[in-house]
Every structure is written in structure tokens, then in C-alpha cells.
Amino acid sequence: MSSDATTTPGSVVTGGPPAGESTAERDGRGTPPGSDSGRGAVERPNDHGRAAQAGGRGWARAGGRRWAGVVGAIAVGGIVLASLAIVGLAASRASILSPPSRVAFPGWMAGPLGWIGRSFHPDQATLKLILSCSVGGMFVAYVVVLSCASRIRARWAIGGVVAVQVIFFLSPPLSLTDVFNYLNYGRMEILHGLNPYTTIPALGPPSDPTFLLSNWHQLLSPYGPLFTIFSFALVPLGVAAGFWVLKASLMIAGLATLWLVWRCAELVGRDPLSAVLFVGLNPLVLVWGLGGDHNDFFMVFFVMLAFYLLLRARAGRDGTARDGAGAGGAGGGAGAGGEAGAGGRAGGGGTGDRPARRLLSFLDGARRPLPAGEAGPARELGAGFVLVAAVAIKASAGILLPVVLLGAGRRLRLLGGMIAGAVVFGGASLYAFGPHLPNLAQQSRLVTLAGLPNVVGSILGLGGETDSMKTILAGVLVVAAIGGAAWSWRTRRWIEASAFVTVALLVTLSWALPWYVLWLLPLAALARRPGVRVAALVISAYLLVIWMPNMTDVIHAVGYKPSLTLLGQERQQKTLLLLH
């Protein structure tokens, strides 16, 4: 019999009556005169059957939980093994799995796991099929893990997450050559005195080893100034050591992000293990993101650090950090810790308040004067500072600034941190690069031919994404950003609002790359409602499908040939001109 069914003299109780209520009161709400039902020696005929049924259900539930945990653990193991297979094959010899290897493949680039695939000699077509099947299987296993997350032993799940992070750290560069683009832009400035924001790599020395291993030779650097300055520090290490220090830094940033996701999930009342698995085992993030050594991990780390600081600050005021819960009533009254109401508008504290105090309360989102004993502004200031650091790594994070600012509980403190970050990082950029900014305009004109906007343009008979469509989608994104910021201000649910705006960014983005889903995953993992997580999974599935190596053959087989339309050829030609 399960532990939730116990017998007492005269009755069988499944779970016990409510506190302060007798069994007779629960069953009969009082016993008629002359009835035996309240006597200790009497037992109703069906009590044993009910207890047996309850016990059976308990065992069934326990067995289901155990099996769910086993299935989830097996799925985690499958992701680890598939990761080893991909990395082992990529490291064993030069192939399409690691594009830089087709130029040169020294041992320091290949990494230590080549022995895994050295005895296997597949041709190019077979390698494409293996990679497609592996990442597809990883995604199925990922969905299984998410469905069983609450039943998997934490030590096994966390061990699997750490294992795949290490495996892809030890990998050669997968899918693209961006890691050598990073190193090349840094070497242009430090070794050759060429500003990467004003000089294309093609004008640099072609004998530089990173130039040979990189591409985008006609593209001015689109990378943020803080990241580019970081790449300067790698130059004295040499190409090989700089490569591995960068890879190690990305892995550390990824693991630190997962730790922050865990802590933030605790603060907002989400299951931390489920949140970490949602972010840490996504195959697009692993294969194309960490395997491809992309700087998005730095950006997301700073975003999550800012979120953590804001949640800690709110927890200090409210005693909890429930995302989206207004601390006061709709009329703008202050709640615990002086937090403003659901409308994001703090009241002035009475008709006798001075207009300046009421204005300050409105702008800050908190009543004035602030409650006695409230913690200092360090966390909100720090959050604003590191949010700007995320933008200085990669400009994509900039869309979150108004959303988070308007939803914050102490807006003026957060704004002060943002201003400080803008001064520091803007000054550093001015010193390093002069009055020049990353080349976002040129990159924004690129189009992923199988991306959603281009597919929509083809369905509409336009041959792909036209310039007019780009303008319309940019307007859609602006409206979504304004709407998300307004929603954040009204509800204080800035995590969900940030996730909503990021979804809008991903679906309107012309140049959609698979690891970009990393921008959304931590936000979706922390959101109160599951709809954002469903959207993240749908976007992940779509990006996975269009970036599978065999997908080009599949879409051509069904008659969709975006590269053969006049507009598609024009887009493809522009991309190739920038690459070489």
C-alpha cells in the first residue's frame, strides 16, 4: 500500500480528512442516531477495495516517475554520445564538418578527439547524412529530456550538460569560420595597424594565418567594440593559443550562463533543473553555437547577469522575485518594499506630496520617499552597466534595453547604470576605433535563402524577400518592441516581455543563423507561461531543419529552389562577394 493511504480503527483514510475535520464529518457530515458508522469497530464493506485501488494508483504513479527518469537519463546519454560522434568525425580528418580544415588542419586546430572517428572513412555525402541524422536525433532526445526533466536525477542531468559543453569545447571549429574572423579582425589592428571598422580584411596582409582560415574578406567588422577589444588581448598569444583561450572563454561563459539561469529560475519560482536543460542541451546551441565558437555566449552571459542582479534586487525588496507579479494594486499603490503597482506607476503618497516628488515617483516606478532600510542601488546600477556591456559585445541585445528599463522596479537606478556603461564602453570604443561603429548596415542586407522572411516572400510570388519586405518587417519589429516595452511597463513582467520581443526579432530577421536561438532560450526558460517555450522550440525546429546539410537536396526535390530565382541569385551573389 502506498504511503498516502493509512488505516485507522473503524475507517480507511486515503490522504486523511482535512485538519480539524473528523472522518465521520468528512464521510457523512454527521452520523444519524442509532448508526454504527462512527464506532471504532465498524468497517464499511468497500473500504479495503478503495485502499487497494489507491495503493495501486500510487505504485503506478511511482513506477511512471521512475520510468520517466530512466527515459530522460537515456535521452541525455544519447545527446552526449551523438556529440562525441560529431566531434570525433570532425576532428579525425579535414572534411565539410569543419570548413577551416579544407584550408589547413593542424593538430592544434583538430583537438584531441580525432581518435574516435579515425577508423571510419565516410565520403562527403555520407558525412552530410550522418550530421543531419545526428542533430535530428539530438533534437528528438532534447524534447524527450524536456518532457521528463522533473523526473531525471539532477546529478545525471547536470553531468550530461557539463559533458557536452566540454566535448564541443574540445571540437575543431564546426559549420563556419567565425572564430578565425574574430582573431583576424583583432590581428588587423594590433599587428598591422588596420582599423577593422574602416578597413576590410582583403586589404590586410594575405599571408596572415588567420586571413587564410577566415572568410568575409570584403566585410567591415560587424562585431561589437567590447568583443573586438577582447580579441586584441588574444593577439600576443599567437593563433593557436589565442584560438584555445577564446574557446575556453566561450565555454566558461556558457557554463556561467547556465548557473545564472539556475539561480534566476529559483528566484522566479521555476524548476531550475528544467530551465538549465532547456538552455544547455539545445542541439543548435551545442553544434552550431559552441561547436562553431560564436561570441553570442558572451552577450547572453551579460544579459543573464543583468537579469539575475535585477531579480536579486527585487527579492530584497519583496522577499520574493515573482516575474510579472505587481507589488501593488492597479491604482498604483506601493506594495512590499515600495514596489509600484501593476501599472508600473507609483503613486505620489498623498495629495499633499509636492509635484516634484510625484514626478520622481512616476519616473522611477516607486513611491517617494523610499522605505527605510531598503538596500542600496548597487544591484540595479550593476544590472544597467552589464546590459550595456551585452550591447557592446553584440548589438542584438540593444532591443532589450527599453523593455527591461520600463519594467524595472527602480528605473532611475537602472538607467544610471546604463548611462555609466555607455560612458565607459563608448569611451573605450572611441579610444580604440575613433568615431566608427560596427558594420551592421551591410550585414543587415544579407538574406538566408531558407529563412522565414525569404520563404514568405517566395510564397507571395515575389521570388524571395524584397527590399520592401525588409522595410515592412523592420516596422513590425519596431511595433513589437514598442508593444513589449509598454507591456513591461504596465505589468512589470519584463522577463516575458523580453522573450516576446526576442521572438519577434528572430522571426523577422533576414540573416537567420541557427545559434541565434540562444538569445531566446534563457528568457523562455524563465518565463511564467509555457507559450514562450513552445515558440522557442518551434523556432529551434525550423532553424534546425533549414540548416541540416541534406536539407538543400530535400527542398530542391520538392520544387523549392530559392537560389534559382532572379532575386535569390542576386542575394546569393552579394553574399559571395563579401565572403571572398
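Residues numbered from 1 in each chain as written. Predicted model: local features only at pLDDT ≥ 70, side-chain atom pairs only at ≥ 80, totals over all residues. Heavy atoms only, no water.

Attention now moves to the side chain of Thr228. Along the polypeptide, Thr228 turns up in helix H8 (residues 225-234). Owing to a relative accessible area of 2%, Thr228 belongs among the buried residues under this scheme. Of the polar contacts made by the side chain of Thr228, one reaches the backbone oxygen of Gly224; its length is 2.9 Å. Among residues more than four places away in sequence, those in contact with Thr228 are Pro196, Tyr197, Ser221, Tyr223 and Phe433. (Helix = DSSP H or I, 4+ residues; strand = E, 2+ residues; numbered from the N terminus. Buried < 20%, exposed > 50% of the residue type's maximum accessible area, 1.4 Å probe, protein only. Polar contact = N/O pair within 3.5 Å; in protein donor to acceptor, adjacent residues only side chain to side chain. Contact = heavy atoms within 4.5 Å.)

Before going further, it helps to spend a moment on unusual backbone geometry. One non-glycine residue with positive phi stands out, namely Trp216, at about 55 degrees. Checked against the element boundaries, Trp216 lands in the loop between helix H7 (209-213) and H8. Unlike most non-glycine residues, Asp293 shows phi in positive territory, near 60 degrees. Since its relative accessible area comes to 2%, Asp293 is described here as buried.

Attention now moves to the confidence of the model for the protein chain. Segments scoring low in pLDDT should not have their predicted coordinates read at a detailed level. With 81% of its residues at a pLDDT of at least 70, the protein chain reaches an overall mean of 84. Note that residues 54-60 has pLDDT below 50 and, in this model, six contacts with residues that lie over four places away or in other chains. When the criterion is pLDDT under 50, residues 320-352 qualifies, and its contacts beyond four places in sequence or with other chains add up to 100 contacts. (pLDDT = per-residue confidence, 0-100.)

It is worth spelling out the pattern of salt bridges at this point. Counted under the stated rule, the structure contains eight salt bridges. Here Asp296 ties to Lys394 by a salt bridge, and the two come within 2.8 Å at their closest N and O atoms. Separated by 98 residues along the polypeptide, Asp296 in helix H12 (residues 296-318) and Lys394 in the loop between helix H14 (378-393) and helix H15 (401-407) bring together distant segments of the chain. A residue is classified by how much of its surface remains accessible, and Lys394, at 16% relative accessible area, is buried. A salt bridge links Asp467 to Arg571; the shortest N-O distance between them is 3.3 Å. Of the two residues, Asp467 sits in helix H19 (residues 467-491) while Arg571 sits in helix H24 (residues 566-579), which places them 104 residues apart along the sequence. (Salt bridge = Lys/Arg side-chain N within 4 Å of Asp/Glu carboxyl O.)

Before going further, it helps to spend a moment on the environment of Ala275. Looking at where Ala275 falls in the secondary structure, it is placed in helix H10 (residues 272-280). Residue class for Ala275 comes out buried when judged on its relative accessible area of 0%. C-alpha separation for the pair Ala275 and Trp262, spaced 13 residues apart in sequence, amounts to 6.7 Å. If near-sequence neighbours (up to four positions away) are discounted, Ala275 is found in contact with Val261, Ala265 and Ala525.

Now for the layout of surface pockets. Of the pockets and cavities examined, the second largest pocket occupies roughly 280 Å³. What lines the second largest pocket is a set of 15 residues, and nearest its centre among them are Pro225, Val391, Ala392, Leu437 and Pro438. Broken down by secondary-structure element, the contributors of at least two residues to the lining of the second largest pocket are H14 and helix H16 (411-433). Take the lining of the second largest pocket: its biggest share by element is four residues, from H16. Its residues assigned to classes, the lining of the second largest pocket comprises 12 nonpolar, three polar and no charged. (1 Å grid on protein atoms, 1.4 Å probe; cavity = no way out; pocket = protein on both sides within 12 Å on 5 of 7 lines; lining within 4 Å. Points joined across faces, edges and corners; volume = space filled by probe spheres on them. Nonpolar A, V, L, I, M, F, W, Y, C, P; charged D, E, K, R; others polar.)

Let us now look at the side chain of Ser101. Checked against the element boundaries, Ser101 lands in the loop between helix H2 (47-92) and helix H3 (107-110). Classification of Ser101 by relative accessible area gives buried; the value is 4%. A distance of 2.5 Å separates a polar atom in the side chain of Ser101 from the backbone oxygen of Ser98.

Attention shifts here to helix H22 (residues 531-547). Taking 1.5 Å per residue, 17 residues should reach 24 Å; H22 reaches 24 Å between its end C-alpha atoms and fits that length. Every buried residue belonging to H22 is among Val532, Arg533, Ala536, Ile539, Ser540, Leu543, Leu544 and Ile546, and all of these are buried. Packing partners of the buried residues in H22 comprise helix H4 (124-147), H10, helix H11 (283-290), helix H20 (494-508), helix H21 (521-526) and helix H23 (551-557). (Expected span 1.5 Å × (residues − 1).)

Take empty space enclosed by the protein next. This model, assessed by the stated rule, comprises seven cavities of 30 Å³ or more. When its volume is computed, the largest cavity comes out at roughly 110 Å³. Elements with a contribution of two residues or more to the lining of the largest cavity: H12, H20 and H21. With four residues, H12 is the largest single contributor of residues to the lining of the largest cavity. Residue classes in the lining of the largest cavity are distributed as 11 nonpolar, two polar and no charged. Taken as a whole, the second largest cavity spans an internal volume of roughly 80 Å³. Within the residue set of the lining of the second largest cavity, elements represented by two or more residues are helix H9 (239-268), H10 and H12. No other element matches H9, which puts four residues into the lining of the second largest cavity.

In this section: the packing of helix H5 (residues 154-169) against H11. Across the interface, H5 lies against H11 with an axial gap of 9 Å and an inter-helix angle of 20 degrees. Relative to H11, H5 is oriented roughly parallel. Here H5 and H11 pass one another in a crossing that is right-handed. In this structure, H5 contributes Val164, Gln165 and Phe168 to the contact, and H11 contributes Leu286, Val287 and Leu290. Considering only residue class, the contact of H5 with H11 consists of five nonpolar, one polar and no charged. (Axes fitted to C-alpha atoms, helices over the stretch in contact; angles between N-to-C directions. Parallel < 35°, antiparallel > 145°, perpendicular 65-115°, else oblique. Left-handed = near helix turned anticlockwise from the far one by under 90°.)

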